[in-house]
Every structure is written in structure tokens, then in C-alpha cells.
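# Fold and contact review
Listed here are the chains, written in short residue letters.
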Amino acid sequence: MGVHAGVVFAFFYAPIGILIIFSFSGDRIVGQWGGFTLDWYREFWNNDQLTNSITVSLQVALIATVASVVLGTLSALALERFRFRGRRVFDALLYLPIIIPDVTMGIMMLVFFAEGIDVVDSLLGISLAKGITTITLSHIAFCISFVSVVVRARLSGMDSRLEEAAMDLYATRWQTFRYVTLPQILPGVAGGGLLALTLSLDDVVISQFTSGPGATTLPVYVFSLIRKGVTPMINSVSVVMFLASLVLIAAMLGVDRLRSTGSNVPSAVPRGDLSAEPAVGGHERGDT
Amino acid sequence: MTATPAVEIRGITKRFDDVVAVDAIDMQIANGEFFAMLGPSGCGKTTTLRMIAGLEFPTEGSLKIFGDEVGTLPPHKRPVNTVFQSYALFPHMNVLDNVAFGLRMNGVDRTTARRRASEMIALVRLSGMENRRPAQMSGGQQQRVALARALVNEPKVLLLDEPLGALDLKLRQDMQLELKELQRRLGISFVFVTHDQEEALTMSDRIAVMNDGRLLQVGTPEEIYERPANRFVADFIGTTNLLDGTVVDGSTVCLANGTRVAARSEHPAGTMVAVCLRPERARVVTAGDGTESGIGGVIDTVTYVGNARVYTVRLDWMQLRVREENRPGAAPRESGDPVSVTWDMNAVTVVTE
Amino acid sequence: MSVSEIATGDADEQHTVAAATPAFEAAAARAAARRGLFMALPAYVYLVIFFAAPFAIVVIYSFATRTRTGGISLSGWNLDSYQRLGEQIVRDVLWRSLGLAILTTLICLLVAYPFAYYMTIVSTTARNVMLVMVMIPFWTNFLVRNYAWRLLLSSGGPLSSVTEAIGLGETDLLFTKTAVVIGLVYSFLPFMILPLYASIERIDHSLIEASRDLYANGAQTFRRVVLPLSMPGVIAGSILVFVPSLGAYVTPDILGGGKEVLLGSYIVTQFGTARNFPFGASLSVVLMVVMLTATVAYFRQGGRNL
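Because the structure is a prediction, the values reported are computed rather than measured.

### A few points about the overall build of chain B
A count of helical and extended segments in chain B gives 8 helices and 20 strands. Counting only C-alpha atoms and orienting by the principal axes, one finds that chain B spans roughly 80 × 45 × 35 Å. Residues counted as buried form 54% of the 353 residues belonging to chain B. Long-range contacts, defined as pairs at least 24 residues apart, comprise 63% of the intrachain contacts of chain B with a sequence gap of at least 6.

Structure (C-alpha cells):
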């Protein structure tokens, strides 16, 4: 079985290793070794369309992450802590974007932004041309669900007596959230945010169907390059994307450690140290 | 004790959907009293405590703290604090911040809050541990932090939800004495929820026994033990033998097999009752030596428990448990010995369902 | 949070302090429900507009008629698009996609089970290292992972050079069904390993000891104790691999070269060059129905670690 595990790992890592090696190959034909070179990285760096698409990807990912963290965390709190009308429908609606295949979701968004867009335009009072906005809107739609699931897991693992204890100790609902609930779920919120960021940066299919001529994300652009024909420059782009993924994985593992240690939270996480806050107690009590 | 009760509960009912968790109970807790709510799990004692704390709103009824109606106030507006089961210490804060939390939320400035928290930490003998996280402390220490965190707010009533349940036996016994001592010193009411009857008997001034959401009896430990109000209380507090029967007259009960035994009761003749006989109040005598109210039986098992021997005596229709102190020279009985079980008329209580 | 606080937080203040009544309790419960709804509302509204509405449009379109210009006529509702599912060419696409998805799932299961089992018997340190090593490809950019295989399998590429060097002759796997299956297995293997590991790890070790004590040998213990108890993981992993494999679009494109038409790209074609929106919509609905059925089955199993 140990051998088997070794083979599986070779299967996992050999392609990536070979990709990295060949990104430094001087041969014009992809997959042929032709001496060490950094030309492809240089070419990649000088390709305006590529660097533009990176900017678009980052913009989309950041906005989608922030929006989905806020919406997802709120929905997680609502679902875990309250009973309200439509709760079950909402719960189901939150799960759908997670399980729906990319292609279907992409098509849905394509049709929606092509046909249903007039309605949305009049609702929002703005005009949505296909581009950064439509990509971002679609990304938020699936990221909310993932953030919500991660935060809910954290919330359900949290002892609800902690919140009761806070209220018993004269904290208002807001103070209870601010000083007890939020610090407790913060690792979950951070983990959900990183997941949203990764998914947004990773997405090809949905972005492809919602991107316009003016704006494509990096994966969409690279996908179109691969379809046109493989050039060694794609190797170098892929290696850079792989390294970016590694950074995100490292961040995620870091958050995971915080999550598992639970109570012994290292100093990296805000401690909710009350003494550090200027007289919040008195003020907020006054206006509740 | 002042005239106004610390906590006054009138006709409090709590329903969760279709389940009645607390069923129209009335209860008064005097100021400075150590009051226990005792019962099996699911009897409604914790729900009652949570309603006093404000963590649960009653469905119906009136709940007063020192004469002020509070039944509909949220927890942060009630002058009571709670020591939670398994403590609910904030894991992301150190001991000092945990203890200072209530004061800070109440608008006390940081310096004062910290000073008072430190004093309270000293009072529960945890000085020097202010910067520790709850996870770095033993169960007993966490228990003290939970106490300090509640008491620093100078509550008018302290509520304790099974506070000793998570501690091992030895520590629990120490803490029982310590809690009792602390309560005496502070002079405020402690309302204490437990399912451990021994703990309730040891610590409380008065005990409320609950079952199925109903309040069965309120009284001093002695009253509860010696004069249980009904069959459930008799059975739940201590070990007891319950002999079913019917009242014949004020001093006689006819048991299920027709034997008449001496037992005082005020129930009318014909009432179905049970005679409650504590094992240590019963005696076994050698069969046929002419004792008046004895029931004949055979010794079934003999268990040696150090200071005493516990016999189970097999009767025709049930088994009895008898506890006999070990005295020097007393010849222990053996399994199979024919005996007669007797008692003083004053040693038994007659209870109904 | 702050919005809901402003909206409902003062409910506490408004009521006069009085004896509790069923009416008060109900009002308090309603206030709590309102708070919950307020918190859920932003995400709720967002998902209704940007998920449920698009979803509904696709379902509606599947019953619509295609106009001559490739537009949509919303007047004549019919089941024509669903009838087309019976056509030979469509059935071929569906069966091919289904077969590929099932094959991928089976291979993943066979590869992942021993691996996951091995993870449960090694030391804690080794186990954590292995988990991280599985997580890395899991989180690596999907496109990069597929592209890496494109490079590896390219004609005259690294794999071909290796097989040639050891005397097996050139391999030319790129743009074949095999390449697509390799790509899919590579993409979704972690989805199989993680739930399998979770369910095997949960098995109480004393059950295995009890089985051995009751005269079962290793193989019998595995077949009668370990395997049945790890079924939730098998089912969860299979669904997690099967569903995305069935709808795969990127992998068949990069590694299959679009030679074999599969469901994913077939759907996309209907919305692209073919411009037959109702038919594309009906194919999407079929895919969603399969996916929903599988998911409901998954939840019935009590699984939650999506």
C-alpha cells in the first residue's frame, strides 16, 4: 500500500514538476527540452493582454471575495442562529451553486446576462455590459455559498453558551456579536474568504460565459490561448498560476491551524481584547 | 432575611412547541438563601434557571427579582449572573478580560474594571493567573474563573447551572464546601441546579424537587428526606424501599400481600399509598421472635460496604433493602437465613403517587 | 448585522415590563425571526436575482420554440427540445458522457480506496503530510492541472520520450478518450480520497479488533466490517467525482481536443454556434436533474462534507 501511495503521489506531482521544468526550456516546441532559458517568462511579462487579464482577475477576485464574505457570513449567522420564514428554501438555494456543474451555471449566467439583463438594468438603474461587472456578479453568486458553508461549520462548532454568557454579563446583542461571536468565527470567515478567493481566481467556465470583449480573466485568456495552439509561454504562465495557488494553500493551512487550535489562538488573530477598545461598553449600552 | 423574596415565581409556564418544559410552578427564594433545584434531566430545572437569567422567556406567568417584574426583560437588563454548565469561559480572552467582561459591558471604565477584576480573581485564589487562557487551566481553576466572572458584577442573585458537574469527585466535594462558604460570606442568594441529590442535600438551605416540569416539593434537606411529599420524591432522594398498600386507619397500612403494618398517615381509609422505608431505618431480626410489625422473608444477598452491611431481603412479593451498621460482636447474617424485617412507626412515611 | 440591530434591536425597549404572556413570548419569537430574516436577506435577494432567476430562465427556455434566426419565441410552449433527447446523435453524446463519467468514478474509487486506507494506518505526522500533499493538487488551478497533462502527453513530449527510451515505442495519447479519462481522474481524485479517508478514519478501531477476535481473517474483516462501514465515504466520493465528470467541459476540450463530443461541450455548442437555446436549455435541465438526484441521494446518506 505504501508503494501504491507513492505511485499516486507521482501521478499527482509528476505533471506539475514536468511543467515547471519545461517552462525553462529553450525549444520552441512545447515538451522538447532545448536548454535553459527565461525567455518565456519575459515574453509573458511583456504580453499586455496577459498582464491586463491578471489585473482583471485580481479585481474580480477581490471584489467577489469581500462581497461574498459579508453576504455569506450574514447568511451563515441567520441560518445557524435563527429560525425564520423561508429558512429551508434559503438553505437549499445556498447549496445549489455549490453542486451545480460549471457548464450549467455558466450557461445560466450567459442567458441571464443576454436576455434577462434589461430587467436587472432597470432594477439597479445601471447598464451592465458584459465584462468585469458581469463576471464579478456571477462569481459572487457561487462564492456566497462556499463562504456560508465554511462559516456555518465554524458556528455550529461554537458553544452557543458563550453567547449566552456574554448576554448574561450585560452585553447587548451587538456587543455579544462584536466581542464573542465574531472573534470565535473569525478563522472560519478567513477560511471562507480564502476559499472564495481561490475559486474566483480558478474559475474558467463561468467567467468565459460572462466575460466580454473588453475584459477577460487570466484563466479565460489562457484557456483561449491553449485552444488556439500551445506555445511555451503558456508553460511559464501556468507555473506562475501554480505558484499563486501555492501561496493561497499556505495561507489556507495557516488559517486551518488557527481553526484547529481553537482556544489557544495565536496572536495573529485579533484577540477581542476588551481593554484595547476605548470605552465601547458605556457608549453602546446607552443607545440600544 | 428581608421580607421581599429575592426571586418570586408565580404560575410560570414554558412551552417549547408542544412540549411543556415547565408547568405552572410557584416558587419563592429568600434573600441570602442557598436554594437548589433538583431533579432528573429534562425535569425543567435548567429551563427555570434560564428563565430567571433571561435566556428564555416564559410562556406565561410572573417572575420578580426583589419585587421588580423581570420576566420579559432581556438578560443584559437583569441584576443576576450565571455560572454556566462547563463554564462558557471566552476562549479568546485571558482570565482578566473574562472577569472584567461584565463590568466593561456595564460601562465601567477600563482601569476600574481591571482593578475590580483583579480583586475578584484574588478572592477566588487565582492571583498570578490573570494572563492565562481558559484552555491553559484545570477544571477547578476554570470553575473559579467562572465564579469570579459572575460575582464581580455584584449580582443580587447568583445562578449556577450544574457548576460542579464537570469536576471529579474529590474536587467536587472541596468545591461544595467552598461554594457554601462563599455564599455565606457574600450573603446573596445562590440558586443552584443539580441532578445530584447528595450535592443538593449537602449544600442547600432549601431544595425544590422537580419532575416532568412540575414542582413536587420545596423544603429543607431534612424535610425532603424525612417527609417526602410523594412517591417520586421519596424514590429520588436517597435510597428507599417503597411498599405499596392501602390505608386502613390513621396508624395502619395494609400491604399488597395483605400484611398489616404500622404506619402513620392522614389519608382517608382506602387510599392507595406506598410506605417509604429507608434501609437504615429498617431492622432485620431472626424470624419468629414475636416482634409486632415484622414482615417475614429470607436474606438474599449480603453486601459488605465497610461501615455497614446491606442485605436484600426477599419477601413473597418484593425485595427489601436493609442497611445494618457494623458493630463489634454482631454476628452477620448469611444468605438464606429466614428473617423478619421490622421498624419503628415513626421511622416510615406514607406517600401517595 | 448593524442594519438588523437598528431595525429590531429596540424591540426590547418598547415593551413594558409586565408578567409574561403567550402573546409576549410569540412577539419575542417573531422579533428573533425578523432579525434572522434581516440577516439572511441580502444574500437571499442576491441569490434570487443572480442564481434563481437565471436558473428559472434556463428551465423556461427549455420549453420555448427556437425562431428561424436562432432567437427564442416565448409564445409556443412545447416539449420539442426534450423529444430531441431521443435522437440517435443526442443519445450517443449522453451515453458517451455517462460512460466516461462512470469510468472516471470507478478508476478514482479503485485508486483512492487503498490510498485513503493507507492514510488511516500510518503515523499521525505522515498522515498530516499526506493530507497536505493531497490538498495541494486539490487547490491548484484547475486549468494548470489539465494543461500540465497536455504538455506531458503531447506527441513527442515527455511521456512519449520516456516510453520510447524504455523500448515501448511512441505513445500518442493526446486527444484520445484515454487522455480525457486521465485528465478527469487527475482533476477529481482528491474529491474521492478526502471523503473516503474521513469515513475510514471514523471507524472505531476496536471493531476491527473485535472482528479479528471473532475469527475473521484480514480479507474477511475488510469485506464484512471495514468496507460496509466506509460506504458513506464511497457514496459521497463517487457522487463528488461523478457529477463534475458528467458536466466536464474544460478537460475534454484541452485533452480530448474536442474530438469526442461530450455533454458539456454539446450544451455550450447549442448556445454558441448552433444557436439552439431551447435545446441547450433542455440538455442543461437534464444535467441538473441528474446532479440534483445524486445530491439528494448524498444527503440521504447523511453526508455533509461537500
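### What to know about the pattern of salt bridges
Pairing between side chains of opposite charge can happen when the charged atoms of each approach one another. A full pass over the atoms with the stated rule returns 28 salt bridges over all chains. One salt bridge in this structure joins Arg-227 of chain A and Asp-253 of chain C, with 2.7 Å as the shortest N-O distance. Placement of the pair is Arg-227 of chain A in helix 10 (residues 218-228) and Asp-253 of chain C in helix 13 (residues 250-256), with the two residues belonging to separate chains. Among the salt bridges present, the one from Glu-87 of chain C reaches Arg-84 of chain C, with a minimum N-O distance of 3.3 Å. Taking the relative accessible area as the measure of exposure, Glu-87 of chain C reaches 34% and is therefore partly exposed. We classify Arg-84 of chain C as partly exposed; its relative accessible area is 25%.

### Concerning the sheet that holds strand 18 (residues 319-325) of chain B
All names here are of chain B. Spatial ordering of the open sheet is given by 15-19-16-17-18, a layout of 5 strands whose pairing is antiparallel. Strand pairing shows two members of the sheet lacking a second neighbour, strand 15 (283-286) and strand 18, which therefore form its edges. Between one strand axis and the next, the sheet turns through 45° on average, direction left out of account. Two elements, strand 16 (residues 295-304) and strand 17 (residues 308-314), share 6 bridges in a ladder whose sense is antiparallel. The residue bridging Ile-299 from the neighbouring strand is Val-313, located in strand 17.

### Topic: the side chain of Arg-127 of chain C
The topology assignment puts Arg-127 of chain C in helix 6 (residues 124-139). With sequence-adjacent residues up to four places away left out, Arg-127 of chain C is seen in contact with Met-119, Thr-120, Val-122, Tyr-197 and Glu-201 of chain C.

### Overview of the side chain of Thr-240 of chain B
Residues and elements named next belong to chain B. Examined against the element boundaries, Thr-240 turns out to sit in the loop between helix 8 (231-236) and strand 11 (241-249). On the basis of relative accessible area, Thr-240 is assigned to the buried category, the value being 16%. A distance of 3.5 Å separates a polar side-chain atom of Thr-240 from the backbone oxygen of Leu-277. Non-local contacts of Thr-240, meaning those with residues more than four positions away in its chain, are made with Ala-234, Asp-235, Cys-276, Leu-277, Arg-278 and Pro-279.

### Overview of the interface of chain A and chain C
Of the residues lining the interface, 85 residues belong to chain A; the matching set on chain C comes to 83 residues. Roughly 7,800 Å² is buried in total at the junction of chain A and chain C, and carbon and sulfur atoms are behind 80% of that figure. In terms of surface lost to chain C, no three residues of chain A exceed Phe-11, Phe-12 and Arg-173 of chain A, which account for 9% of the buried area on that side. Between the two partners, chain A and chain C, sit 1 salt bridge. Connecting chain A to chain C are 11 residue pairs in polar contact (both at pLDDT 80 or more).

### Here's the deal with the state of the cysteines
Residue and element names in this part refer to chain B. Under the defined criterion, the tally for this structure stands at 0 disulfides over all chains. Cys-276 provides the cysteine sulfur closest to Cys-254, a residue in no disulfide bond, and the two sulfurs are 19 Å apart. Judged by relative accessible area, which is 2%, Cys-276 ranks as buried.

### Things to note about the domain arrangement of chain B
All names here are of chain B. By the assigned domains, chain B splits into domain 1 (7-231) and domain 2 (241-351). Taking only C-alpha atoms into account, the centre of domain 1 sits 40 Å from that of domain 2. On the side of domain 2, 9 residues touch domain 1, which itself brings 8 residues to the contact. Of the roughly 680 Å² buried where domain 1 meets domain 2, counting both sides, 45% is carbon and sulfur surface. Our count for the contact surface shared by domain 1 and domain 2 stands at 2 salt bridges.

### Focus on the interface of chain B and chain A
If you look at the interface, chain B gives 35 residues, while chain A gives 30 residues. Taken as a group, His-76, His-92 and Met-105 of chain B account for 24% of the area that chain B buries against chain A, more than any other trio of residues on that side. The tally of links from chain B across to chain A stands at 1 salt bridge. With a closest N to O distance of 2.6 Å, Glu-164 of chain A and Arg-50 of chain B form a salt bridge. There are 8 residue pairs in polar contact (both at pLDDT 80 or more) connecting chain B and chain A. Listed by contribution, the elements that provide at least two residues to the side of chain B that touches chain A are helix 1 (45-53), strand 6 (80-83), helix 2 (95-105) and helix 3 (110-123) of chain B. Ranked by the residues each element gives to the side of chain B that touches chain A, the list is headed by helix 2 of chain B, at 5 residues. Per-class residue counts for the side of chain B that touches chain A are 14 nonpolar, 12 polar and 9 charged.

### Overview of helix 9 (residues 177-202) of chain C
Residues and elements named next belong to chain C. A rise of 1.5 Å per residue sets the reference length of helix 9, with its 26 residues, at 38 Å; its end C-alpha atoms lie 37 Å apart and thus fit the reference within 8%. At Phe-188, helix 9 shows its maximal kink, close to 45°; a proline, Pro-190, follows between one and four residues later. The buried fraction of helix 9 is high, at 21 of 26 residues.

### Some details on a nonpolar patch on the surface
Taken together, the side chains of Ile-21, Trp-33, Phe-36 and Leu-38 of chain A make up a nonpolar region of the molecular surface, amounting to roughly 450 Å² of accessible area. Along the polypeptide, Phe-36 of chain A turns up in the loop between helix 1 (2-22) and helix 2 (39-46).

### What to know about the confidence of the model for chain C
All names here are of chain C. Overall, the prediction assigns chain C a mean pLDDT of 84, with 92% of residues at 70 or greater. Per-element confidence in chain C ranges from a low mean pLDDT of 35 for helix 1 (residues 2-8) to a high of 93 for helix 5 (residues 88-121). Segment residues 1-15: pLDDT under 50, and 28 contacts once partners within four positions in sequence are set aside and those in other chains are kept. Scoring of the predicted complex yields 0.84 for pTM and 0.84 for ipTM.

### A word on the packing of helix 4 (residues 139-151) of chain B against helix 5 (residues 169-186) of chain B
Residues and elements named next belong to chain B. Between helix 4 and helix 5, the shortest axis-to-axis distance is 12 Å and the interhelical angle comes to 20°. Considered as vectors, helix 4 and helix 5 are oriented roughly parallel to each other. Considering the relative orientation of helix 4 and helix 5, their crossing is right-handed. Packed against helix 4, whose contacting residues are Gly-140, Gln-143, Arg-144, Leu-147 and Leu-151, the element helix 5 presents Leu-171, Met-175, Glu-178, Leu-179, Leu-182 and Leu-186 at the interface. When grouped by side-chain class, the residues that make up the contact of helix 4 with helix 5 number 7 nonpolar, 2 polar and 2 charged.

Reading guide: rules and limits
Residues numbered from 1 in each chain as written. Chains lettered and ligands numbered in written order. Predicted model: local features only at pLDDT ≥ 70, side-chain atom pairs only at ≥ 80, totals over all residues. Heavy atoms only, no water. Helix = DSSP H or I, 4+ residues; strand = E, 2+ residues; numbered from the N terminus. Buried < 20%, exposed > 50% of the residue type's maximum accessible area, 1.4 Å probe, protein only. Contact = heavy atoms within 4.5 Å. Salt bridge = Lys/Arg side-chain N within 4 Å of Asp/Glu carboxyl O. Pairing = 2+ DSSP bridges. Axes fitted to C-alpha atoms, helices over the stretch in contact; angles between N-to-C directions. Polar contact = N/O pair within 3.5 Å; in protein donor to acceptor, adjacent residues only side chain to side chain. Buried area = accessible area lost by both parts, 1.4 Å probe. Disulfide = S-S within 2.5 Å. Domains from an automatic or database assignment. Nonpolar A, V, L, I, M, F, W, Y, C, P; charged D, E, K, R; others polar. Expected span 1.5 Å × (residues − 1). Bend = angle between axes of the 7 residues up to and from the residue. Patch = residues over 30% accessible without salt bridge, like charges linked within 9 Å, V, L, I, M, F, W, Y side chains within 5 Å. Areas by Shrake-Rupley, 256 points an atom, 1.4 Å probe, with all protein chains shown as cover. pLDDT = per-residue confidence, 0-100. Parallel < 35°, antiparallel > 145°, perpendicular 65-115°, else oblique. Left-handed = near helix turned anticlockwise from the far one by under 90°.

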